[in-house]
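# Survey of secondary and tertiary structure
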Amino acid sequence: MKRSDRLYALIQILKDGDLHRAEDMAQKLEVSVRTIYRDMDTLAASGVPVEGERGVGYSARAAITLPPLNLTETELEALHLGLAAVGNGVDGELKEAAESLSSKIDAVLPEDRHGAPKSFGFAVYPFADAAHGFRHLGPLRSAVRNRQKLRLKMQDKSLFDVRPLKLDYWGRVWTCLVWNETTSGFDTLRTDLIEDLTILPGLFVDEPGKRLEDYTPNLSAK
């Protein structure tokens, strides 16, 4: 067993909060007691809440916690993408952990951002569908920055020529606010429902009535 795997195994043993003797853990992991002592020192130095002493036993005195973090939208996107990949790519404890962590993140995100839609079903929104939308975030972000017109093909086969204005995150759901040249109005489009994206020639310029500051929030997203 690699040392990193052994340290993880020790955390799994200790997380029940009970007292565990070094001798018993050494026998279970097929290593020496001296190795367990060194591993306990390593865990403690790494910030794992382990307490105890040699000859008595060890336990984890509290759940592992993190200090408050301020994340940028890009960092939040990366975290979301990682959770989606784990949630779809594995089964068992890791899948459950990804779903649990995603729920905890959703719980502390702002509940209302400019009239956020309430019908997306944040807590049950499928990881696979959310991950589907990530492939378009890079081109969408670039188009917002560069004022690049796009042609979007949606899953329902509808086609829209749009001016992308802003990306928003609602809790497992990314949306893009656009001026829709096909319908001559503002739209809030869910990125996971975009089937294909094409960059159109030419850039757009601000025009009264078609700018971000002209937008009045809608209550739905397509």
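Calculation rules
- Residues numbered from 1 in each chain as written.
- Predicted model: local features only at pLDDT ≥ 70, side-chain atom pairs only at ≥ 80, totals over all residues.
- Heavy atoms only, no water.
- Core = buried A, V, L, I, M, F, W, Y, C linked by side-chain atoms within 4.5 Å.
- Buried < 20%, exposed > 50% of the residue type's maximum accessible area, 1.4 Å probe, protein only.
- Helix = DSSP H or I, 4+ residues; strand = E, 2+ residues; numbered from the N terminus.
- Contact = heavy atoms within 4.5 Å.
- Pairing = 2+ DSSP bridges.
- Axes fitted to C-alpha atoms, helices over the stretch in contact; angles between N-to-C directions.
- Salt bridge = Lys/Arg side-chain N within 4 Å of Asp/Glu carboxyl O.

### Regarding the nonpolar core
- Of all hydrophobic cores here, the largest spans 22 residues; its most connected members are Leu140, Leu150 and Leu152.
- Looking at this core, the elements with two or more residues in it are α4 (73-89), α5 (93-108), α7 (137-146), β3 (148-154), β4 (159-169), β5 (174-180) and β7 (194-203).
- Examining the composition of this core, we find that four residues originate from one element, β4, more than from any other.
- Ignoring any residue separated from it by four or fewer positions in sequence, one finds leucine 152 in contact with Ser158, Leu159, Phe160, Val162, Leu189, Ile194, Asp196 and Leu197.
- Counting 17 residues, the second largest nonpolar core, distinct from the first, contains Leu14, Met25, Val48 and Val50.

### Overview of the sheet that holds strand β6 (residues 185-190)
- With respect to topology, five strands assemble into an open sheet ordered β6-β5-β4-β3-β7, the strand pairing being antiparallel. For this open sheet the edge positions go to β6 and β7, each flanked by a neighbour on one side alone. Sheet twist, expressed as the average angle between the axes of neighbouring strands with direction ignored, equals 45°.

### Section: the pattern of salt bridges
- Inspection of the entire model under this criterion finds 13 salt bridges.
- Measuring nitrogen to oxygen at the nearest pair gives 3.5 Å for the salt bridge that ties glutamate 181 to lysine 149. Here glutamate 181 is found in the loop between β5 and β6, whereas its partner lysine 149 is found in strand β3, with 32 residues between them in sequence.
- By relative accessible area, lysine 149 is classed as partly exposed at 22%.
- Between arginine 151 and aspartate 161 there is a salt bridge; the shortest N-O distance is 2.7 Å. Taken together, the residues arginine 151 in strand β3 and aspartate 161 in strand β4 connect sequence positions 10 residues apart.
- One salt-bridge network, in which partners are shared between bridges, spans Lys149, Arg163, Glu181, Glu207 and Lys210.

Geometric descriptors of this kind do not, in isolation, establish any biological role.
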